[in-house]
Protein chains: 2
Amino acid sequence: MGASYYQFCPVAKAMELLDERWTLLIVRELLSGSGRFNELRRGVPRMSPTLLSKRLNQLARAGVLTKKDDRYILTPAGEELRPVVEALAVWGVRWIGELGDQDLDPQLLLWDMRRNIVPGALPAHRTVILFAFPDVPARTRHWWLVLTPDNADVCDTDPGFEVSVTVTADLRDMVRIWRGDLSWPDALRSGALDLQGPETVRRTLPTWFALSPFAAVPRPAIHHVGGNS
Amino acid sequence: MGASYYQFCPVAKAMELLDERWTLLIVRELLSGSGRFNELRRGVPRMSPTLLSKRLNQLARAGVLTKKDDRYILTPAGEELRPVVEALAVWGVRWIGELGDQDLDPQLLLWDMRRNIVPGALPAHRTVILFAFPDVPARTRHWWLVLTPDNADVCDTDPGFEVSVTVTADLRDMVRIWRGDLSWPDALRSGALDLQGPETVRRTLPTWFALSPFAAVPRPAIHHVGGNS
DNA sequence: CTGCATCCGACTCGATACTG
DNA sequence: CAGTATCGAGTCGGATGCAG
């Protein structure tokens with residue numbers, strides 16, 4: 001447990017548990033459907049496994065989750081953290097518009113997109129999307145998304161299948177699209193994003209993905225730069 | 001600023017600022033109407049003034065508050081943290097029912113009660129309530145609340161006025177009443193709380209205070225002990 | 001009284017390597 | 001796949017001091 005605040009205030013009692021670094025991000029992952037240890041790790045790749053393990057045990061002791069057969073499951077108390085996480089996300093998307101270059105992790109983006117594929121919107125046959133991020137170091141520049149009607153795989157090495165459509169964009173712009181800061185049509189019009197492939201695929205591709213659940217949150221008139229400085 | 005999570009996720013970006021110890025409690029105080037440095041201190045008495053100052057500066061840099069003439073004021077971004085704090089309070093009151101003895105700070109209780117006096121419910125003349133907490137060390141056992149129709153003062157030493165009514169209860173029970181875990185009538189019936197004074201005053205006293213804003217939140221059927229262990 | 005700055009011990013985090 | 005072990009660096013928190 002985090003250190004006590006020595007207050008009976010419910011906010012203080014909640015934060016004793018929840019204000020520790022990484023804790024609510026783990027809850028976010030669990031709310032998004034991840035359950036296994038290494039699945040959770042992919043959602044918090046910069047967290048050491050030691051600390052993840054520690055946090056999971058803390059959350060279990062606090063009654064937020066339980067472990068069953070190598071799967072971590074939210075309890076009702078944990079499920080009820082959804083409004084907290086959602087309120088934070090709404091606030092974050094409205095007031096922390098400026099992202100540092102360090103925040104743009106292509107693996108997290110592809111992982112997120114994979115999670116939010118619209119079931120039933122995909123073509124009936126296997127479709128392979130190649131994402132190319134010219135502004136990213138070679139090592140993580142290319143990503144493949146292998147889509148079949150009932151499965152989706154993210155690869156950071158060429159899986160060997162024929163590419164159906166290539167998406168080229170700066171990673172920053174792809175993230176902005178995903179977050180709802182930039183619309184898909186605007187990105188295409190301005191040239192920030194380029195699609196190469198058969199026209200029918202190019203036209204329907206944007207319908208295959210639901211954007212971030214908070215992409216539609218209305219933004220304030222003025223943004224403040226949340227100082228990474 | 002807190003350390004970065006290196007994620008574009010809005011929850012992560014929000015938590016970079018908000019997951020640091022004390023930060024959301026300061027926001028809670030500001031949302032409750034406190035504005036001056038030492039007013040804020042009374043809401044977070046265990047926080048060192050150095051750290052409070054540091055956090056206030058961080059929040060100012062992040063655009064959550066501004067300082068004007070020795071008063072800290074929430075910006076629109078700060079005001080929009082209200083849903084976050086409320087969601088946390090609702091969760092806390094539902095799932096962290098067990099309070100440690102250390103959490104029962106009489107000063108915070110009296111301060112909270114003072115803040116939530118129902119305007120217009122008070123008698124027309126000066127009324128003095130003496131709170132006696134037999135389970136508390138002598139130093140902080142007695143508290144006086146001096147009420148006039150347009151003012152209320154908390155004293156930890158006898159202000160000298162005649163006491164209109166004496167409230168005797170274990171601090172834990174008084175806090176439970178305040179949080180909505182125990183009703184005023186139930187406390188009187190069981191003897192957990194005792195009122196001494198004229199009958200009219202004894203009858204109306206419970207109407208002078210609004211309970212904690214989260215006292216009315218429905219509780220889950222089963223509580224989990226949020227381990228202070 | 002208000003609003004900080006400095007100093008220092010205790011603790012926590014993060015990086016890396018390692019085990020069943 | 002699912003975690004543990006170890007250790008240096010950084011941060012928190014409390015005491016103390018000091019300007020306006």
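Up top you'll find the structure we're talking about.
These notes cover the structure that comes with them.

Cut-offs applied
Residues numbered from 1 in each chain as written. Chains lettered and ligands numbered in written order. Predicted model: local features only at pLDDT ≥ 70, side-chain atom pairs only at ≥ 80, totals over all residues. Heavy atoms only, no water. Buried < 20%, exposed > 50% of the residue type's maximum accessible area, 1.4 Å probe, protein only. Helix = DSSP H or I, 4+ residues; strand = E, 2+ residues; numbered from the N terminus. Contact = heavy atoms within 4.5 Å. Near = heavy atom within 4 Å. Polar contact = N/O pair within 3.5 Å; in protein donor to acceptor, adjacent residues only side chain to side chain. Nonpolar A, V, L, I, M, F, W, Y, C, P; charged D, E, K, R; others polar. Buried area = accessible area lost by both parts, 1.4 Å probe. Salt bridge = Lys/Arg side-chain N within 4 Å of Asp/Glu carboxyl O.

## Digging into helix H1 (residues 10-18) of chain B
Residues three or four positions apart in an α-helix share a direction because the helix packs 3.6 residues into each turn.
Step number 1: Judged by how many residues are buried, H1(B) sits mostly within the fold: 9 of 9 residues are covered.
Step number 2: Buried within H1(B) are the following residues: Pro10(B), Val11(B), Ala12(B), Lys13(B), Ala14(B), Met15(B), Glu16(B), Leu17(B) and Leu18(B).
Step number 3: Check the buried side of H1(B) and you find it contacts helix H1 (10-18), helix H2 (23-31), helix H6 (82-95) and helix H8 (171-179) of chain A together with helix H2 (23-31) and helix H4 (49-61) of chain B.

## With respect to the protein's contact with DNA strand D
Step number 1: Looking at DNA strand D, there are 18 residues lining it, with Thr50(A), Lys67(A), Tyr72(A), Arg21(B) and Leu51(B) nearest.
Step number 2: Each atom of DNA strand D within 4 Å of the protein was classed as base or backbone; sugar and phosphate made up 67%.
Step number 3: Within the side chain of Lys67(A), a nitrogen or oxygen atom sits 2.4 Å from a phosphate oxygen of DNA strand D.
Step number 4: Separating a phosphate oxygen of DNA strand D from a side-chain N or O atom of Tyr72(A) is a distance of 2.7 Å.

## Observations concerning the protein's contact with DNA strand C
Step number 1: Among the 16 residues in the neighbourhood of DNA strand C, the closest are listed as Arg21(A), Phe37(B), Asn38(B), Ser53(B) and Tyr72(B).
Step number 2: The contact in question runs from a phosphate oxygen of DNA strand C to an N or O atom on the backbone of Phe37(B), over 2.8 Å.
Step number 3: Residue Ser53(B) places a side-chain N or O atom 3.1 Å away from a sugar or linking oxygen belonging to DNA strand C.
Step number 4: Its residues assigned to classes, the surface near DNA strand C shows 5 nonpolar, 4 polar and 7 charged.

## Section: the interface of chain A and chain B
Step number 1: Counting from both sides, the interface comprises 62 residues of chain A and, opposite them, 62 residues of chain B.
Step number 2: With both chains or domains summed, chain A and chain B bury close to 5600 Å², and 67% of this area falls on carbon and sulfur atoms.
Step number 3: Of all residues in chain A, the largest losses of buried area upon contact with chain B belong to Tyr6(A), Phe8(A) and Trp91(A), amounting jointly to 17% of the total for that side.
Step number 4: Between the two partners, chain A and chain B, sit 4 salt bridges.
Step number 5: Residue Lys13(B) pairs with Asp103(A) through a salt bridge whose shortest N-O separation is 2.6 Å.

Without other data, these values stay purely geometric and don't point to any function.
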